[in-house]
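Read off the chains here:
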There are 2 protein chains.
Amino acid sequence: MKYGIAIFPTKAVQDEANSYRKRYDPHYALIPPHITLKEAFQVDDDDQLEELVTELKRIANETKPFKININKVSTFAPVTNTIYLKVEPIKELIELYEKMQSGKFPKNQEYAFVPHITIAQKLSHDEYSDVFGSLQMKNIQIEDEIDRFQLMYQLDNGSWTVHDSFVFGKEPV
Amino acid sequence: MKYGIAIFPTKAVQDEANSYRKRYDPHYALIPPHITLKEAFQVDDDDQLEELVTELKRIANETKPFKININKVSTFAPVTNTIYLKVEPIKELIELYEKMQSGKFPKNQEYAFVPHITIAQKLSHDEYSDVFGSLQMKNIQIEDEIDRFQLMYQLDNGSWTVHDSFVFGKEPV
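Note on numbering: residues in each chain are counted from 1, in written sequence order. The order in which chains are written sets their letters, starting at A; the order in which ligands are written sets their numbers, starting at 1. Per-residue local features of the predicted model are confined to residues with pLDDT of at least 70, and side-chain atom pairs are confined, for both listing and counting, to 80 or more; whole-chain, interface and lining totals are unaffected and use all residues. The side-chain figures draw on all heavy atoms in the structure; neither hydrogens nor water molecules are used.

Per an unreviewed UniProt entry, chain A is named Putative phosphoesterase KCX74_18385, and its organism is Virgibacillus salarius.

And the structure:
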């Protein structure tokens, strides 16, 4: 089964991201707006899953709630024409990311870690230029508090269901 | 904010339910296939939410993993033309439901509790007759193991994001 790990920002931020995703992101219906901490990885063994859940509890317990800041719309072009809310790459996020690439976790880092909330992807070239041109002008100033992450698995239709939530400082192993 | 409490069955059961929902359920994209334990209720106060989370941990800790059985497709017609996988109403499910209607929880029981996984709803009269006629003939024999429930909140677009997961026997208060 394919698993992934993500942070959902608070409802207000999800609602704002969805106002763009609804029009510009074909993954709109597959998962709520999120910051990916670990891209999809395969786990087929129940014992291995159990081990990773224990690791994730440890990681959550070592982590204190932290604030994130989003100050601009950015893009992965020319690699892909994905447009995103850029989350300032503070050390708390980077540490979470790195912990999930080491120890018992499969290493599946494909790109450098750029914390972000995708709001548009898989657009045609012309659509991309239009949409990025207009979103780039937006004055974005979001501060949000993060106190948990979620382990999810992917269904056959591509959508994601939450397996477990990990609340910082509240997951006795 | 609107919250709700549900059980997600295992992936195989979600995939099967989605094969029907995709065509017949306009809520397909809003939430994975689920058994509703508590319909949407309003919580606007952080302290109240915290209290309910503590209650849900207590309830999860008192509950042992249990098996559910699904042996037929049924309908709420003529009240609504919702079609669902009927989950046998075992005492474990009824107890979870009742605990979430008492004590600190707002009472929001509108109908008798009929545990189910919706696979079709909001169909026209003719569509409903066709779809129920054909689904009713299916030989359904599903057994599934349940070991957790999830507290979710609703976004402005009607979709649901998981706030927290509660694993039976593993949520020290």
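A. Structural detail: the relation of the copies chain A and chain B. Screw-axis analysis of chain A against chain B gives a translation of 0.0 Å along the axis, an RMSD of 0.0 Å, and a rotation angle of 180°. The operation mapping one copy onto its partner corresponds to a two-fold rotation axis. In this comparison the copies share one frame, found by least squares on the C-alpha atoms of residues holding pLDDT of at least 70 in both.

B. Quick look at the pairing of strand 3 (residues 66-75) of chain B. All names here are of chain B. Two elements, strand 3 and strand 6 (residues 142-146), share five bridges in a ladder whose sense is antiparallel. Counted as the bridge partner of Lys 67 is Glu 145 from strand 6. Looking at chain direction, strand 3 and strand 4 (residues 83-87) are connected through five bridges and run antiparallel. Bridged to Thr 75 within strand 4 is Ile 83. Each pair of strands is called paired provided DSSP finds at least two bridges between the two strands. For helices the rule is a DSSP run of H or I covering at least 4 residues; for strands it is a run of E covering at least 2, with both sets numbered from the N terminus onward.

C. Quick peek at the interface of chain A and chain B. What makes two residues a contact is simply this: any of their non-hydrogen atoms within 4.5 Å. Taken together, the contact pairs 29 residues of chain A with 29 residues of chain B. When two components associate, each loses some accessible surface as probed by a 1.4 Å sphere; the sum of these losses over both components is called the buried area. Buried area between chain A and chain B, both sides added, is near 2,200 Å², and the carbon and sulfur share of it is 45%. Here a salt bridge means any side-chain nitrogen of Lys or Arg lying within 4 Å of a carboxyl oxygen belonging to Asp or Glu. For the pair chain A and chain B, the number of links is six salt bridges. Between A:Asp156 and B:Lys11 there is a salt bridge, with the nearest N and O atoms lying 2.7 Å from each other. Under the rule applied, a polar contact is a pair of N or O atoms within 3.5 Å (in protein, one hydrogen donor and one hydrogen acceptor; residues adjacent in sequence only if both atoms are side-chain atoms). At the junction of chain A and chain B, the tally comes to 15 residue pairs in polar contact (both at pLDDT 80 or more). In terms of residues, the side of chain A that touches chain B owes the most to one element, strand 8 (residues 160-167) of chain A, which gives seven residues.

D. Structural detail: unusual backbone geometry. All names here are of chain A. A cis amide bond links Ala 77 with the next residue in sequence, Pro 78, at an omega value of 10°. One non-glycine residue with positive phi stands out, namely Lys 122, at about 60°. Tracing the backbone through its elements, the reader meets Lys 122 in the loop between strand 5 (116-120) and helix 4 (125-136).

E. How the structure looks around the packing of aromatic side chains. Residues and elements named next belong to chain A. For this analysis, a ring pair means two rings from Phe, Tyr or Trp (six-membered ring only for Trp) whose centres lie within 6.5 Å, classed as stacked if their planes differ by under 30 degrees, edge-to-face if by over 60, and tilted for the remaining angles. Applying the stated criterion across every chain, the model contains 16 aromatic pairs over all chains. Relative to Phe 41, the ring of Tyr 3 lies with its centre 6.5 Å away and its plane at 40°, an arrangement referred to as tilted. With Tyr 3 in strand 1 (residues 2-7) and Phe 41 in strand 2 (residues 35-42), this pair connects stretches of sequence that are 38 residues apart. Relative accessible area decides the class of each residue, using a 1.4 Å probe on protein chains only: under 20% of the type maximum gives buried, over 50% gives exposed, and in between gives partly exposed. On the basis of relative accessible area, Tyr 3 is assigned to the buried category, the value being 5%. Between Phe 149 and Phe 168, the ring centres sit 6.0 Å apart and the planes meet at 55°, which makes this aromatic pair tilted. In this pair, Phe 149 is assigned in strand 7 (residues 148-154) and Phe 168 in the segment after strand 8, connecting sequence segments 19 residues apart.

F. Molecular detail of the UniProt feature "active site" (unreviewed entry) in chain A. Residue and element names in this part refer to chain A. UniProt positions are given in the numbering used here, feature names are shortened, and annotations may be inferred rather than shown by experiment. The residues that UniProt annotates with the feature "active site" (unreviewed entry) are His 34 and His 116. The largest pairwise C-alpha distance within this set of annotated residues, which runs over 83 residues, is 8.0 Å, so the set is compact in three dimensions. You can see His 34 is positioned in the loop between helix 1 (11-24) and strand 2. Reaching out from His 34, the side chain makes a polar contact with the backbone oxygen of Pro 32 at a distance of 2.8 Å. Mapped onto the elements of the fold, His 116 is located in strand 5. Judged by its relative accessible area of 15%, His 116 falls in the buried class.

G. Representation of the pairing of strand 7 of chain A within the structure. All names here are of chain A. Taking burial as the measure, the seven residues of strand 7 include seven buried ones, the bulk of the element. Side-chain alternation along strand 7 places Arg 148, Gln 150, Met 152 and Gln 154 on one buried face and Phe 149, Leu 151 and Tyr 153 on a second face that is also buried. Here strand 1 pairs with strand 7 via four bridges, running antiparallel. Paired with Ala 6 across the two strands is Gln 150, which belongs to strand 7. Bridge analysis of strand 7 against strand 8 gives seven bridges, and the strand direction is antiparallel. Across the sheet, the residue bridging to Met 152 is Val 162, located in strand 8. What sits between strand 7 and strand 8 in their antiparallel hairpin is a turn of five residues, with Gly 158 showing a positive phi close to 95°.

H. How the structure looks around the pattern of salt bridges. Tallied over the full model, the rule gives 20 salt bridges over all chains. Salt-bridge contacts for A:Lys67 lead to A:Glu145; the nearest nitrogen and oxygen are separated by 3.5 Å. Separated by 78 residues along the polypeptide, A:Lys67 in strand 3 (residues 66-75) and A:Glu145 in strand 6 (residues 142-146) bring together distant segments of the chain. Classification of A:Glu145 by relative accessible area gives partly exposed; the value is 43%. Here A:Arg148 and A:Asp147 are joined by a salt bridge, their closest N and O atoms 2.9 Å apart. For A:Asp147, a relative accessible area of 29% corresponds to the partly exposed category. Among the ionic contacts, a cluster of salt bridges with common partners joins A:Lys11, A:Asp15 and B:Asp156.

I. Molecular detail of the side chain of B:Thr118. Tracing the chain through its elements places B:Thr118 in strand 5 (residues 116-120). Given a relative accessible area of 16%, B:Thr118 falls into the buried group.

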